[in-house]
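Residues per chain are reported as follows:
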Amino acid sequence: ATIPNRNDVLFGRGHVINAHPGNQRYRSMVELHKQKFLQAKKKKDKRAIAGHIVNEINSLQPAGRFLMEIPAGNISMTKTGGAEASGVSHVHSSILNKVWVRVDADKVMSKVMHRLREKAVGGSGDEQQPTQQDTLKAHSPDIVTGNISKPETFDDYSNHSNNELGVYYGSAAGSVTPLNGSTDSQNNTSETRAASGNLQLDEELISFLVHDVSARHDDRIQHLQEITLQQWIEKLHPTTSGSPEEVYKYVKSALPIALKLTEFLIEAENDETNGHRNPIPLESVAAENVLIRGKSLGLQPSKGLVDGSEGFPLAESLPLDLTDGLETKENEDEDVTGIDYVMIMSCVGENPDAGENMSRLFALGIVLYELFSGEEPLFDEDMPDNSNVPSIFSISLSNESKSSHRPRKKCLSHSRGVHSKGIARLESLNIHHAVIFLVKNLLDCSHGDFCGDETYTSLEDVRLDLQLMFQFPSRFLDNIETNPMPQLLICNKLYGREHEIAMLEQSYQQHVNGKCSGVIVRGKAGVGKSKLAMHVQELQSNSYFLVAKFDQNKDAKPLSKIGTMFNELCDLFIQEATHSQLKLVEEALESSLGTQAALLASVLPCLTKIMPSCAELSPATSNCVDSAMSMRFLFSELLGVIASHSCHISFLLDDLQWSDQVSLLLIESLISSIECGSKSVFFTCCYRDDEVDDNGPFNQWLLSISMTSLQTINLKNMTVEGVNNLVSDALRLSPRITFPLSSVLHHKAGGGNPLFLRQLIESLKEQGFIYVNLSYPRWAWDLDKIMDLTISDDVVALLIGEMQRLHTDLQWGLKIAACIGSSMKDSIRDILSTELFQNSFKQENCLDHRSLCFVGQNLQDIMQQVSEKGFMNNVSGAVMFAHDKIQQAAYEMMPEQQRREYHMRFGLAICAHTLNDGVENDELFFTAVNQINIAGSSVVEDNPSHKDIIAHLNLKAGRLSISFSDFTSAFKLFQHGISFLNPDHWNSQYELSIDLFDAAAEAACVLNDRDAAALYAERLISNAKCYDDKLNCLYSAAKALRHADLLQESMESTFDILEQLGEELPRESGDDQLNIDMQLMNDILQKTPDDLILIMEATKKKKIVTLMKLYANLSDVLHFTKPSLISSVSLRMVDLTMKTGLNSISPLAFAYYGEILTSIGNLTEGCRLGRLALKLLEKKVSSSYKASVICYVYQTILWASTPLQTIASAHMLGEKAGRQAGDVMFTTLNLACFHTTSFVAGQNLDTVRINSRDFIWKMLSRNSFPFVGPLILLHSQCAVLKEGLHILEAGRVDNNIPCEKELLANARFLKHKLFLTVKKVHQVVRAFLFRQLDEVSLDDNISDIVLILKKAQLRPLLLMGIFFEGLVSFQHARKSNNETGKWMEKGEFILVQMKCWSDHSTWNWGNKMFLLEAEKMYIMGEFDRAESLYMSSIRSANEHIFLHEEAIASELAGEFFYERGFRQKSSELLLHAQKCYEKWGAFAVARRVETCIESKFGSDYAQLEPIDDILQSFFSSEDGSSNKRRGRHDDDA
């Protein structure tokens, strides 16, 4: 701390600081250099000028410094007072009594430059306009220019607590900024305070108050203007004969003045409470003490502000309505800070008492009375004459003496005088009733303890009421018209949901940042979930907002809601997309959807507008294994394609607790298909948490999407405050007035349920408990009676009571609509009007219709009246219940039997219209069948013909549902159809019974409902008259077992079916007769060109097709249970095709048989049949088996002729085809084969590891264990090769993925022979790469399992195992032991096989064959030949992109050259091997090679020559012989 001297510049404000010599000198220096500073162009020049001023001050004697005050409690110091210290003789004692510290140099420079930037105030004309200092001098001679200093910062400005001048300032934002100064009482005389009533501030201070110091423009200062409240009222208030329109406009102009004044007083009270400044005396709360100072409003400064004739032309310069540009929407809460002005209140009188709260409110009432009326308050003649409350007209603003002022008005000790005459005067002036009540309730404050219930108790209440009038004049300012009587309208906005809205907006912002895909809004019925969700629409303007609201009665047509939503999306995109966008989307969809687009088009007719080619596809081309899964994939692809080419898309999925299972799975697929980082699609899902069963399917669905990036918002009932806001808006009254009523309503409306609350308010209004008071037209209520009312806590009961008070016609209109569903389309309304009420009721055999008699009205008029009552809403082409609870109430008004009869009548009427119309309308048809099924068979129990028709209708609807991929709805429809069958249906309705039971069993199989499938299959089998009628049902049962992963049971069931069909059971591979039959078939196929097979006719025999399906299902099972039988099964499938013609399974038959031929060594014919199978797919013979054909052909056949990298890519096409066809099994298998083949082809191990990890997670979540085992082995292998063998003992890696050791402890996997073979492959690969050869024995090896015993089909991973087994065999054979001959024999056997495969594909097998043969030549001592083969293997692996095998060949060649004594070649190759291993990602293997190099070359290791150029010379050599390369033999060393 330091002691200020006379030359110091002090940061602060007030008269004492301003008068400090150092500050005066500083301002003079700034003025002297300001012009030069403003003319400087470069920043460095400006900074130099500021630095010059600082240096000048520092060079004074004593040296001037820049100081700032800090609280005295922070630093202790010894003060030296008066003139005893150097330079302090001219320093005020109040300054010396404070603690000062030096200001940082950078801050000093910033402040000086800021001061230099400020421009002088003045006009641009010849005549100099008077400055604010001049005006200040004129009104207060004791205060001269410079005595009021501008604080340096807002912090400085707010750190003091006293007001020297007694002038208070309110900013544009409504905050109050006191001008503080010295605490010296001698500077705060009553004369100064009285004179300050007309004070104006210097331009620096005004600029500071209005504008932020850090951002303002200097030229704004000249736009500041000042006007007194008296002048404002005199110039703007209309005459007494002013029209209501003029009064309305004036009141709206006066409201912001009243609001700012109130806010100013509130802030002053807050500052007083916090000890920041002295209170405003009660005497000062008067109109004449209010000055308004604003910036640019189109005003020109006047020469004087005292004489009205000389002032600025207020009427022209000030806008009559200060709310210009501030009009707000009815549902927006905007701050009223748009008015940019400063409000000033001067302190008058000698009594500093601030008065009590009620006195201050009363004083404010007097000011507002004068503001709104433009007149002095009227008083009774007996009012006492001792008032000290000034009037707005009591003081002149001129420079005259006090004696020239008007006498002050009488004091109002209470307000009855104002009530009797003043309030009446306000009415006569056409002042709004809301304003009259506001003024009256302020004046009532004079009654003290005897004031009314509505009397104000705080300034904050006044501020709130004024703000409501200002922001929402139509609700809180305008008078209520009583002709006609007003409706009680509740605003359609969210009340009391600020926290939830903030959560929603935060989630959306996270979505914009790529961290959130949507939200789930949960809560009870009626809490406003839908309304909150609709807020998303306001968060982004350029966005498609699409809504699907599910119905409690379920959708009539499958996928109706989601289909409608996506149809709308397609239409919106077509309307806004450019031609190029449409073309890109069409091409993308053709690639993504393929022939399955026809399936999607059946649900989305608008798809043909985006993808015209799908209109040419027939549904027959859209064969699916699982159409529901296919549909999910197609929807997801469509969404992904459109989202990548359109604007943002937002989906609102409402009432999801009522959605069907198919829709739920589809929604889950849509959400999961949009990656978390995607910013293109936002999902909002709403559901009722009180109507969800913990163990039900919906709750399971919730758990399934819990891992997605959807955030949850839990919406509860409104608080009392939220209810009060709603009631206040509805009744157009202040919240403080409505609060007692709101508290009662909150309790009676289920604790604040918004739906209940709205209906309760409407009910109370209809019953007269809430009414319009006609004396002063406004809403009123009888609180005591409302409190005594007994109201059910069930909103449905309340609604029923409301409906029962309606006219009978309207009640029946509601009942009809409730039977139809949550909405009723105009087409259905017209059908019911025409068919039901005009035609059907005339028939003798119709149901009882007497209760549906409408008096002179049609259904359209009735529904319009219902909508006007608020129970339903008119939407595009339909009427919809405003809430499902309203539908429930209307539905429960009818007894059960009556509901059933109406459902049946409506369903039959709609069905009759649909069938007779001749135009297929699926939606109407499903609506009709749904209505009939809700009625049930008991309604038509006595009419067998009707029951037969209805059973047929359900069969048709079920099959149609399957075409829409909705097996859940189809199964229910088949069940309904069965329920309508007659008791003797197996005799009288045999074919219909077979069709329904067969369809029900098959649908149950697809849904994996084994019990239901078994039930319907058993009943069909026991009643079927021939075996052919049982066949399809038996096949469905066997397929269901396979889908349930019960493979052994599925195989045995299929064997039983084949025996009953008279088919020969499959024979084991190697069977003599089987070999003969296969040779005969091979001869037939060799003589039959592909072209002839491709043009064969398709079979039409149902039995043959079913038999082929049985064999295909059996073959899939045998791959995992008994592969040795596949030869016989595939032979029979090809035989059936060649004899009876092509069918949808024929491509699979040729693929199976080609696999068998390949495995027995007939690679040429096997590859031919594999390609033939792919050609049949191209002919679109079948799309449902495309995934399985691709999987088998590329994994088990074309490895012999197609590059492994291409095979991996082909499996991704197979995965896509599987998703298109809904083939879960082969979608998974293709993906697993892709990961495995990528590993075999030498893909980077990190990539394989990550992909396999994601696959494993997905499979484990589905409990799909048969597929996950081999991939866990692969994932573990990648981890071991990168990190080391210790991973095998690590337990779990990569976020809880099991390792190989844990897997082998699970008996589930040890039962699968293929899994054990794959395990053996990885063990052999590790044994070789880590040189732990002793772990590989001669017994039970891969080559024997695959090549000799034929226990597994050849596939890339097994071929890789055979190759490594050959390497291990030759490594063992090189050692001198008793088993060298056996190892050599095994190695040579594998080499022979490799040469055979290499003849068909040099790309895949050439490098492997070269390496195995090089190892053999090495053992045999043919070193030159071995060297050539090593180099050929390296070159071939490099050219064909087998990085890992290039590393292996380089390492083995390096070891070969080292043993031969060629150290240079050896080191180069070993280093190259290390580098290749690292590129592959096998860092653990690379470390082993590095250790080997160090052990071989010792200290020479660090100086080994770079290898890239030398290896290039290796690869450029023709034969790779050693005499063409630079090398060094040990003898040359």
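Only a predicted model underlies this, so the values are computations on that prediction, with no experimental measurement involved. (Residues numbered from 1 in each chain as written. Predicted model: local features only at pLDDT ≥ 70, side-chain atom pairs only at ≥ 80, totals over all residues. Heavy atoms only, no water.)

A.B. asks: Please clarify how the overall build of the protein should be interpreted in this entry.
C.D. replies: In terms of regular secondary structure, the protein is built from 67 helices and 20 strands. Here the protein holds 1533 residues, and 57% of them are scored as buried. Within the structure as shown, the protein displays about 64,000 Å² of accessible surface, and the carbon and sulfur contribution to it stands at 48%. (Helix = DSSP H or I, 4+ residues; strand = E, 2+ residues; numbered from the N terminus. Buried < 20%, exposed > 50% of the residue type's maximum accessible area, 1.4 Å probe, protein only. Areas by Shrake-Rupley, 256 points an atom, 1.4 Å probe, with all protein chains shown as cover.)

A.B. asks: I'm lost on the packing of helix α43 (residues 1027-1043) against helix α47 (residues 1102-1121) in this one. Help?
C.D. replies: Packed helix pairs are specified by the crossing angle of their axes together with the interaxial distance, meaning the distance between the axes. At a minimum axis distance of 10 Å, the contact between α43 and α47 shows a crossing angle of 20 degrees. Our classification of the angle between α43 and α47 gives roughly parallel. For α43 against α47, the interelement crossing comes out left-handed. Counting all contacts with α43, which are made through D1028, L1031, N1032, Y1035, A1038, K1039 and R1042, the residues of α47 involved are K1103, T1106, K1109, L1110, N1113, D1116 and V1117. Within the contact of α43 with α47, the residues separate by chemical class into five nonpolar, three polar and six charged. (Axes fitted to C-alpha atoms, helices over the stretch in contact; angles between N-to-C directions. Parallel < 35°, antiparallel > 145°, perpendicular 65-115°, else oblique. Left-handed = near helix turned anticlockwise from the far one by under 90°. Contact = heavy atoms within 4.5 Å. Nonpolar A, V, L, I, M, F, W, Y, C, P; charged D, E, K, R; others polar.)

A.B. asks: Help me out: how do you make sense of the packing of helix α39 (residues 967-979) against helix α41 (residues 990-1006) in this one?
C.D. replies: Remark: α39 packs on α41, axes separated minimally by 9 Å, with the N-to-C direction vectors making an angle of 150 degrees. Put simply, α39 runs roughly antiparallel to α41. Here the hand of the crossing between α39 and α41 comes out left-handed. On α41, the residues touching F967, F971, F974, G977 and I978 of α39 are L996, F997, A999, A1000, A1003, A1004 and V1006. Each residue belonging to the contact of α39 with α41 can be placed in one class, and the counts come to 11 nonpolar, one polar and no charged.

A.B. asks: What is the right way to look at the sheet that holds strand β17 (residues 872-875) in this model?
C.D. replies: Strand pairing in a sheet relies on backbone hydrogen bonds, with the paired strands running either antiparallel or parallel. Pairing is antiparallel in the open sheet, where three strands are placed in the order β16-β18-β17. Each having just a single partner strand, β16 (823-825) and β17 make up the two edges of the open sheet. Each strand of the sheet is rotated relative to its neighbour by a mean of 20 degrees, with strand direction disregarded. Relative to strand β18 (residues 878-881), β17 runs antiparallel, the two sharing four bridges. Along β18, the bridge assignment pairs N873 with M880. (Pairing = 2+ DSSP bridges.)

A.B. asks: I tried to follow helix α64 (residues 1443-1460) on my own but got confused; where do I start?
C.D. replies: What sets the pattern is the α-helix's 3.6 residues per turn: residues three or four places apart point alike. For α64, spanning 18 residues, the distance from its first C-alpha to its last is 26 Å, which sits close to the expected 26 Å at 1.5 Å a residue. One or two steps after α64, the chain reaches G1461, where phi turns positive at roughly 95 degrees. (Expected span 1.5 Å × (residues − 1).)

A.B. asks: Is there a simple way to think about the environment of L116 in this case?
C.D. replies: Mapped onto the elements of the fold, L116 is located in helix α5 (residues 105-117). Given the relative accessible area of 0%, L116 is considered buried. Residues L116 and K34 lie 82 residues apart in sequence; the distance between their C-alpha atoms is 5.2 Å. Discounting chain neighbours no more than four positions away, the residues touching L116 are V30, H33, K34, F37, L38, I49, A50 and I53.

A.B. asks: Which parts of the structure should I look at to understand the confidence of the model for the protein?
C.D. replies: For the protein, the mean per-residue pLDDT works out to 78, and 78% of the residues sit at or above 70. Note on residues 839-851: pLDDT is under 50 here. Beyond four places in sequence and across chains, it has 17 contacts. (pLDDT = per-residue confidence, 0-100.)

A.B. asks: For this particular structure, what's the right way to read the pattern of salt bridges?
C.D. replies: Pairs can form between side chains of opposite charge once their charged atoms are near each other. For the coordinates displayed, the defined rule picks out 47 salt bridges. The salt bridge involving E460 is made with R463; its shortest N-O contact spans 2.7 Å. Of this pair, E460 and R463 both sit in helix α16 (residues 459-471), three residues apart, which is roughly one turn of the helix. Across the pair D655 and K549 runs a salt bridge whose closest N-O atoms are separated by 2.8 Å. Placement of D655 in the loop between β11 (648-654) and α25 (661-673) and of K549 in strand β10 (residues 543-549) is noted, with a sequence separation of 106 residues between them. Given a relative accessible area of 3%, D655 falls into the buried group. You can call K549 partly exposed: its relative accessible area is 26%. Here the salt bridges share partners, and the residues they tie into one network are E1063, R1132, D1135 and K1139. (Salt bridge = Lys/Arg side-chain N within 4 Å of Asp/Glu carboxyl O.)

A.B. asks: Whenever I open this one, a negative patch on the surface confuses me. Can you help?
C.D. replies: A contiguous patch of negative charge on the surface is contributed by E1049, E1052, D1056 and E1059. With respect to the secondary-structure elements, D1056 resides in helix α44 (residues 1047-1060). Residue D1056 is classed as partly exposed on the basis of its relative accessible area of 42%. (Patch = residues over 30% accessible without salt bridge, like charges linked within 9 Å, V, L, I, M, F, W, Y side chains within 5 Å. Lys, Arg positive; Asp, Glu negative; His and termini not counted. Charge placed at Lys NZ, Arg CZ, Asp CG, Glu CD.)

A.B. asks: Quick question: what am I supposed to make of the packing of aromatic side chains here?
C.D. replies: This model, assessed by the stated rule, comprises 29 aromatic pairs. On the numbers, 5.9 Å between centres and 85 degrees between planes, the contact of W1199 with W1405 is edge-to-face. Placement of W1199 in the loop between α51 (1186-1196) and α52 (1204-1221) and of W1405 in helix α62 (residues 1402-1420) is noted, with a sequence separation of 206 residues between them. Each member of the pair, W1199 as well as W1405, is classed as buried. Connected via pairs of aromatic rings, a cluster forms that spans Y1418, F1423, Y1430, F1456, F1457 and F1462. The ring of F437 carries R778 above its face, with NZ or CZ at 4.5 Å from the centroid. When the ring centre of F925 is taken as reference, the NZ or CZ atom of K956 above it lies at 4.9 Å. (Phe/Tyr/Trp six-rings, centres within 6.5 Å; stacked < 30°, edge-to-face > 60°. Lys NZ or Arg CZ within 6 Å of the ring centre and 35° of its normal.)

A.B. asks: So what exactly am I meant to see when it comes to the nonpolar core here?
C.D. replies: The tendency in soluble globular proteins is for nonpolar side chains to be buried side by side. Counting residues in each nonpolar core, the largest one holds 168 residues, and the members touching the most others are F566, L607, F635, L639, I649, F651 and L656. By size, the runner-up hydrophobic cluster in this structure holds 164 residues, among which are V1129, F1255, M1384 and V1489. (Core = buried A, V, L, I, M, F, W, Y, C linked by side-chain atoms within 4.5 Å.)

A.B. asks: What am I meant to see in the sheet that holds strand β12 (residues 681-688) here?
C.D. replies: Overall, parallel pairing links the five strands, which are arranged β10-β11-β12-β9-β13 in an open sheet. Sheet topology places β10 and β13 (710-715) at the edges, where each strand pairs with a single neighbour. When strand polarity is set aside, the average angle formed by the axes of neighbouring strands in this sheet is 15 degrees. Note that strand β9 (residues 518-523) and β13 share six bridges and pair parallel. In the sheet register, G523 faces β13, and the bridge partner there is L715. The strands touched by helix α24 (residues 627-643) are β11 and β12; relative to β11, the strand with the most contacts, the crossing angle is about 145 degrees.

A.B. asks: Would you explain helix α45 (residues 1072-1087) in this entry?
C.D. replies: Between its first and last C-alpha atoms α45 spans 23 Å; for 16 residues at 1.5 Å apiece the expected length is 22 Å, and the two agree. For α45, the set of buried residues is L1074, M1078, M1081, N1082 and L1085. Seen along its axis, α45 keeps its buried residues to an arc of 110 degrees; they face one direction. Opposite the packed face of α45, turned more than 90 degrees from it, sit the exposed residues D1072, L1080 and K1087. Summarising the contacts, the buried residues of α45 are in contact with α48 (1126-1140), α49 (1146-1159) and α50 (1163-1178). If you check the start of α45, you find a side-chain oxygen 3.1 Å away from the backbone N of Q1073, and it comes from D1071. (Arc of directions from axis to C-beta. Polar contact = N/O pair within 3.5 Å; in protein donor to acceptor, adjacent residues only side chain to side chain.)

A.B. asks: Which parts of the structure should I look at to understand the pairing of β11?
C.D. replies: For a regular strand, side chains alternate in direction, first toward one face of the sheet and then toward the other. Where burial is concerned, most of β11 is hidden: seven out of the seven residues are buried. Side chains H648, S650, L652 and D654 project from β11 onto one buried face, and the interleaved I649, F651 and L653 project onto a second face that is buried too. In terms of strand pairing, β10 meets β11 through seven bridges, oriented parallel. When the bridges of β11 are listed, Y544 appears paired with I649. Strand direction decides the pairing type here: β11 and β12, joined by five bridges, are parallel. Within the sheet, the bridge partner assigned to L653 lies in β12 and is C685.

A.B. asks: Help me understand the environment of S458 in this model?
C.D. replies: Looking at the secondary structure, you find S458 in the loop between α15 (433-443) and α16. Classification of S458 by relative accessible area gives partly exposed; the value is 23%. Taking C-alpha positions, S458 is 7.3 Å from L361, a pair spaced 97 residues apart along the chain. If we ignore the near neighbours within four places in the chain, the residues touching S458 are N357 and L361.

A.B. asks: Just to check I follow, could you spell out unusual backbone geometry for this structure?
C.D. replies: A negative phi angle characterises most non-glycine residues, just as the trans form characterises most peptide bonds. Note that the residue after Q61, namely P62, is joined by a cis bond; omega there is -5 degrees. Along the chain, P62 falls in the loop between α3 (43-58) and β2 (66-70). For the peptide bond that leads from N483 to P484, omega is 5 degrees, which places it in the cis range. Positionally, P484 belongs in the loop between α17 (473-476) and α18 (498-512). At N430, a residue that is not glycine, the phi angle is positive and equals roughly 65 degrees. Looking at the secondary structure, you find N430 in the loop between α14 (416-428) and α15. With a phi close to 55 degrees, R1331 is a non-glycine residue in the positive phi region. As for its position among the elements, R1331 is in the loop between α58 (1313-1329) and α59 (1342-1348). The partly exposed category is assigned to R1331, whose relative accessible area is 23%.

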